[in-house]
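Commentary on secondary and tertiary structure
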Amino acid sequence: MNLFKSLRLQFRPPKIDDPDFGQLTFMYISNHPEHSYWEAEWIFPPTGTPVSIGLDGDESGPRPDTREWHLDLPSRFDRILELARPGLAKVFKSWLRQDLPEDIFTAMKLSGFGVEDPRAQPITWDVSFETIGDTWLGITIPFQGEEPKDATVDT
């Protein structure tokens, strides 16, 4: 790729209006163009709130497999919450010294989803939340396939 095109992609990233995800912005990674992706604040259908997502792809748009993986999330959302709940409860106990409410959305908001490679088996992905209220925590629950791993917490 020529220098001018590389600079243009970095400093004037392409944007597209996607029928499923809304406005997407291309994030060009000059040192590793194969790791470039599209990012969006997707209005997640089950919650009606914006969540951050990154979709692997090139200048022409997101890859079909990453689109499909993200578009399948709403149908799996109840199961995702069920699997993430024990890790979230553990964070609430240890960091906030309180129980996780039955309705988790009274204490936190869904903030994003990430996926390494939707073609990998088992797939590595994560779901992220942010607490609301006096103490802010960013909580990410990583998964390998359908198995949740230990939460990571950002303060």
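Rules behind the numbers
Residues numbered from 1 in each chain as written. Predicted model: local features only at pLDDT ≥ 70, side-chain atom pairs only at ≥ 80, totals over all residues. Heavy atoms only, no water. Helix = DSSP H or I, 4+ residues; strand = E, 2+ residues; numbered from the N terminus. Buried < 20%, exposed > 50% of the residue type's maximum accessible area, 1.4 Å probe, protein only. Contact = heavy atoms within 4.5 Å. Areas by Shrake-Rupley, 256 points an atom, 1.4 Å probe, with all protein chains shown as cover. Lys, Arg positive; Asp, Glu negative; His and termini not counted. Charge placed at Lys NZ, Arg CZ, Asp CG, Glu CD. Salt bridge = Lys/Arg side-chain N within 4 Å of Asp/Glu carboxyl O. Phe/Tyr/Trp six-rings, centres within 6.5 Å; stacked < 30°, edge-to-face > 60°. Expected span 1.5 Å × (residues − 1). Pairing = 2+ DSSP bridges.

1. Observations concerning the overall build of the protein
- A tally of helices and strands in the protein yields 2 helices and 10 strands.
- The secondary structure elements of the protein, listed N-terminal to C-terminal, are α-β-β-β-β-β-α-β-β-β-β-β.
- By principal-axis analysis of the C-alpha atoms, the protein measures approximately 55 × 35 × 30 Å.
- Counting all 155 residues of the protein, 38% fall into the buried class.
- Of the contacts formed within the protein by residues at least 6 apart in sequence, a portion of 39% connects residues at least 24 apart.
- As displayed, the protein has an accessible area near 9,100 Å², and 51% of this comes from carbon and sulfur atoms.
- The averaged location of the 26 negative side-chain charges in the protein is 3 Å from the averaged location of its 15 positive side-chain charges.

2. Quick word on the pattern of salt bridges
- For the coordinates displayed, the defined rule picks out 11 salt bridges.
- Here E147 and K149 are joined by a salt bridge, their closest N and O atoms 3.1 Å apart.
- Assessed through its relative accessible area of 36%, K149 is described here as partly exposed.
- Linked through salt bridges whose partners overlap, the residues forming this network are D56, R63, D65, D117 and R119.

3. Topic: the packing of aromatic side chains
- Counting across every chain of the model gives 9 aromatic pairs.
- Consider the rings of F44 and F77, whose centres lie 5.0 Å apart with planes at 75°: the pair is edge-to-face. In this pair, F44 is assigned in strand β3 (residues 37–44) and F77 in helix α2 (residues 64–96), connecting sequence segments 33 residues apart.
- Ring geometry for F44 against F113: centres 5.1 Å apart, planes inclined by 50°, an arrangement best described as tilted.

4. A word on α2
- Between the first and last C-alpha of α2 there are merely 40 Å, a value that for 33 residues lags more than 12% behind the 48 Å anticipated at 1.5 Å per step.
- Following α2 by one or two positions, R97 has its phi on the positive side, about 55°.

5. Considerations on the pairing of strand β1 (residues 15–18)
- Taken together, the 4 bridges between β1 and strand β2 (residues 22–27) define a ladder with antiparallel strand orientation. Across the sheet, the residue bridging to D18 is G22, located in β2.
- In this structure, the hairpin formed by β1 and β2 is closed by a connection of 3 residues.

6. Brief notes about unusual backbone geometry
- For the bond from Q121 to P122, the omega torsion is -5°, close enough to zero to count as cis.
- In this structure, R97 takes a positive phi of about 55° despite not being glycine.

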